[in-house]
Amino acid sequence: MTQLILEQALNGLQFGLMLFLLAAGLTLVFGIMDMINLAHGSLYMVGAYLAAAVTQASGSFMVGIGTAMLVTALLGALLEVSLLRRLYARDHLAQVLATFALILIANEVVRMIWGAQPMLLNAPEALSGPVSLAGFFYPAYRLLLIGVGVLVAGLLYLLVSHTRLGMWVRAGASNREMTEALGVNVRLLFTAVFAAGAALCALAGAMLGPLLAVQVGMGESILILAFVVIVIGGIGSIRGALVGSLMVGLVDTLGRAALPSLLREFLSPEVASSLGPALASILIYVLMAAILFWRPEGLFPARG
Amino acid sequence: MGLYASSPRRRIAAAMTLVALLALPWLMQSLDQGFYVSLASRVLIFALAATSLNLVIGFGGMISFGHAAFFGAGAYTVAILAESGVVSAALAWPLALAVAALLALLIGAISLRTRGVYFIMITLAFAQMVFYLVVSLKSWGGDDGLLLLRRSTFGSLDLKDDTTFYFVVLATLALVLLALDRLAHSRFGRVIQSIRENETRMEALGYPVFSYKLVCFVIGGALAGLAGALLVNQSGLASPNLLHWMQSGTLMVMIVIGGVGSVFGGVVGAVLLLLCEEFFVEISPHWQIGLGLLLLAVVLWAPLGIAGLFGWGRSRE
């Protein structure tokens, strides 16, 4: 039992860290420019497709991920300069709709290029087996995801809290006008942040590709989770995004694994087996509603 | 000047549209295109759903991203009632409306404590809860949805007949639009529009802002439930897709294309969107690109929607 819980906790950690890759970019875009970007999930999807296509063509997973990150970053920068920039001054409804339109366009373009069937993206051969871990076996590939997630989170932390660039970003998130007045080119900074966020999306898409299916619509389901994460964490806060990601990843994974058997202790098996999955799937939304109820600005509000 | 400005010209236009819609079934039957009567019912039902969202967003200024929950709640209520033998529309439809209203009361009472982006996100979260709850309950059909084996019965009216059903839908929509027009000019309507324009000021003037917004949110939810009840009768299936967040997005698209805060905005948007869908699907399977580009164009260059282009919408001073 403890082994099962430990394994599920690792799965939750892995999922949470991948969510963080998406949420980090999203929360900065949201925080600095006060912009709701629903198309963030589409960048994740495009990244996964690019990684799958390049990996198939070149035979190397590393080349696939590298190309996907680079191309998606360029795509993100292009999108920001050409379209999103015009939406910053608009109300949230306009932003939601314009980026909703981008989702429709991105899904169809991907369907035109790669077809409606899911694409195959395999983990590298060397990582496909399990490794022994203090008494039980755990898939090596998932362990790699945890490693990459921790590494990226660490690098982002250093970048955001210990460099001048990071200081500008934090300043931009807490008060954009003031930062501009102090002579920081927030426009340029923001294009860079957006491109970096897009690259992280592609990284998450490519890394999760072998675990989840690479298919049209993959961006939408994870996008909602990423929004839940940043709303829990507090919009604009990287630290909040990390805490929120881990909370959502762990609660979701552990809830799905433990809740049905937990309910069986109290309820009849029949009720428990139908109620368990239902409750487990809404657990994170309950968590988010509860947090917003008591802390309407999230756990770590960026604006003081 | 209020948002829902009415003028003799607009009344004439509305009356003419109504006459055209009344004549539609005979026209279609004489052209031997009976299928389009059912399509027309579907369009009008979505027009009702979009109008209910327009009340919340355009009129109350609350950007709800979870309207599909109420739409779906109405549909599922009718389907579940039918499963247990209740097929009378006189009972099932008001119940669908009541269930949706209750859900809206619950969601609204919690969500309206938050502002701006957080409100958008928390309404979305609640709608997702409803979606996942329904999808994971096997007794409600899970992923497959619930089939409605026979349409509701309504006294001596034969709702199984597509034309009769169309007239019922048309009458419902017309009544709702008329009621909303009255509501917009009532004291309640003026207060809620003022709250949209300047909430702090209305609060300072002593209006119970929270209650006004909640009532507006609940009316919107209840009307969406009614639309759901009609839709499940039209399509014969209460599908989880009705509850999906993309459905909430689609309803938003409709009112933005049609005109946010214009009394006919929801109707115009629903008609345009669904008819475009119907015709473009046959031209190209990738018609959604066209829809996306159209939507982008509307957001960038016609922020008041089609209604704004023709000056039917709200007047900006």
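See above for the structure.
None of these values were measured; they are calculated from a predicted model. (Residues numbered from 1 in each chain as written. Chains lettered and ligands numbered in written order. Predicted model: local features only at pLDDT ≥ 70, side-chain atom pairs only at ≥ 80, totals over all residues.)

## Focus: the interface of chain B and chain A
The cut-off we apply is this: Any pair of residues counts as being in contact when their C-beta atoms, constructed from backbone geometry, are within 7 Å of one another. In this text, helices come from DSSP runs of H or I with a minimum length of four residues, and strands from runs of E with a minimum of two, each type numbered from the N-terminal end. Throughout, the ten residues Ala, Val, Leu, Ile, Met, Phe, Trp, Tyr, Cys and Pro are labelled nonpolar, Asp, Glu, Lys and Arg are labelled charged, and all others, Gly among them, are labelled polar.
Tallying the contact residues gives 37 residues for chain B and 35 residues for chain A. Elements represented by at least two residues in the side of chain B that touches chain A include exactly α5 (116-136), α10 (245-258) and α12 (287-301) of chain B. Considering every element that reaches the side of chain B that touches chain A, the biggest residue donor is α5 of chain B, with 13 residues. Tallied by class, the residues present in the side of chain B that touches chain A amount to 26 nonpolar, nine polar and two charged.

## Here we look at the pairing of strand β2 (residues 136-139) of chain A
All names here are of chain A. Definition in use: Only strands that DSSP links by at least two bridges are regarded as paired with each other.
Here four bridges tie strand β1 (residues 130-133) to β2, and the two strands are oriented antiparallel to one another. Looking at β2, one finds that V131 is bridged to Y138. Following β1, the chain reverses through two residues before pairing antiparallel with β2; A134 in that reversal takes a positive phi of roughly 40°.

## Details of the nonpolar core
The condition that has to hold: Linking buried Ala, Val, Leu, Ile, Met, Phe, Trp, Tyr and Cys residues through C-beta atoms within 7 Å yields a set, and such a set is a nonpolar core. Exposed residues have 12 or fewer other C-beta atoms within 10 Å of their own C-beta, buried residues have 20 or more, and partly exposed residues fall in between, where C-beta atoms are placed from the backbone.
One finds L97, A202, A226 and V228 of chain A together with A100 of chain B to be the most contacted residues of the largest nonpolar core, which totals 211 residues. Aside from chain neighbours lying at most four places away, what touches L97 of chain A is M252, V253, V256, L295 and V299 of chain B.

## Digging into α10 of chain B
Residues and elements named next belong to chain B. Our working rule: Helix span, expected: 1.5 Å multiplied by one less than the number of residues in the helix.
The terminal C-alpha atoms of α10, which comprises 14 residues, lie 20 Å apart, in line with the 20 Å expected from a rise of 1.5 Å per residue. Buried residues dominate α10, accounting for 13 of its 14 residues. With its phi angle positive at about 140°, G259 sits one or two positions after the end of α10.

## Some points on the packing of helix α1 (residues 2-33) of chain A against helix α6 (residues 164-174) of chain A
Residue and element names in this part refer to chain A. Heads up, the rule is: Axes here refer to lines fitted to C-alpha atoms; in helices the fit is confined to the stretch in contact. Angles between the N-to-C directions go from 0 to 180 degrees. The scheme is simple: roughly parallel for angles under 35 degrees, roughly antiparallel for over 145, roughly perpendicular for 65 to 115, oblique for anything else. Left-handed describes a crossing in which the near helix is turned anticlockwise from the far one by less than a right angle; the clockwise case is right-handed.
Running from N to C, α1 and α6 cross one another at 55°; their axes reach a closest spacing of 6 Å. When the interaxial angle is binned, α1 and α6 end up oblique. In terms of crossing hand, the pair formed by α1 and α6 is left-handed. Of α6, the residues touching α1 (which contributes L28, G31 and I32) are V169, G172 and A173.

## Concerning the environment of A297 of chain B
As for its placement among the helices and strands, A297 of chain B is situated in helix α12. It is 17 Å that separates the C-alpha atoms of A297 of chain B and E277 of chain B, two residues lying 20 residues apart in sequence.

## Points about helix α5 (residues 140-162) of chain A
In this model α5 of chain A runs 32 Å from its N-terminal to its C-terminal C-alpha over 23 residues, within 8% of the 33 Å that 1.5 Å per residue would give. Every buried residue of α5 of chain A is listed here: Y141, R142, L145, G149, L156 and V160 of chain A.

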